[in-house]
Amino acid sequence: MVLGVGLLPTAMILAAAIPPEVKSAVDGSTGYAPALGFLAVCGGLLAARGHAAGRALLLATGLFVLSLTFRSLDARLCDSLPLGTHFLWHLVNGAVLAILLVAMAREGAGPETQLGR
């Protein structure tokens, strides 16, 4: 909990500092950088502690990167792909949420899993 309180605002400040050229190149997907960073750090810390949810969070992080890739490429590929890739962004994000919900249901959030301890 303590980690999350400091990490999320820090990630948001860093995301705001991303140069406009980068934001444009990824079609505005940099707004998701705080969530991606938070998920990766929490997954890494849990995995390092040997907690079963750590692997699930790291898997969700990888899928989130994939979904952001689809989101970022959508506008550029729209002319060559009639369906675009935006729908893939939504489908993969659904998988990310499913993995996170299953991990939460299986592993719970008892005091032994709190990252700030």
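Below: a short report on this structure. Please read all numbers here as calculations on a predicted model, not as lab measurements.

## With respect to the nonpolar core
- Counting residues in hydrophobic clusters, the biggest one holds 13 residues, and the most contacted among them are L57, A60 and F64.
- Among the elements of the structure, helix 3 (33–48), helix 4 (52–77) and helix 5 (86–107) are those that each provide at least two residues to this core.
- Looking at which element gives the most residues to this core, the answer is helix 4, with six residues.
- With near-sequence residues (within four places) excluded, A60 lies in contact with L39, V96, I99 and L100.

## Some points on the environment of T61
- Here T61 shows up in helix 4.
- C-alpha of T61 to C-alpha of V41: the two residues are 20 residues apart in sequence and 9.5 Å apart in space.
- Setting aside residues no more than four positions away along its own chain, T61 makes contact with L36, L39 and A40.

## Side note on the environment of L59
- Examined against the element boundaries, L59 turns out to sit in helix 4.
- Taking relative accessible area as the criterion, L59 reaches 48% and is therefore assigned partly exposed.
- In this structure, the C-alpha to C-alpha distance between L59 and V96, residues 37 residues apart in sequence, is 8.2 Å.

Thresholds, definitions, all that
- Residues numbered from 1 in each chain as written.
- Predicted model: local features only at pLDDT ≥ 70, side-chain atom pairs only at ≥ 80, totals over all residues.
- Heavy atoms only, no water.
- Core = buried A, V, L, I, M, F, W, Y, C linked by side-chain atoms within 4.5 Å.
- Buried < 20%, exposed > 50% of the residue type's maximum accessible area, 1.4 Å probe, protein only.
- Helix = DSSP H or I, 4+ residues; strand = E, 2+ residues; numbered from the N terminus.
- Contact = heavy atoms within 4.5 Å.

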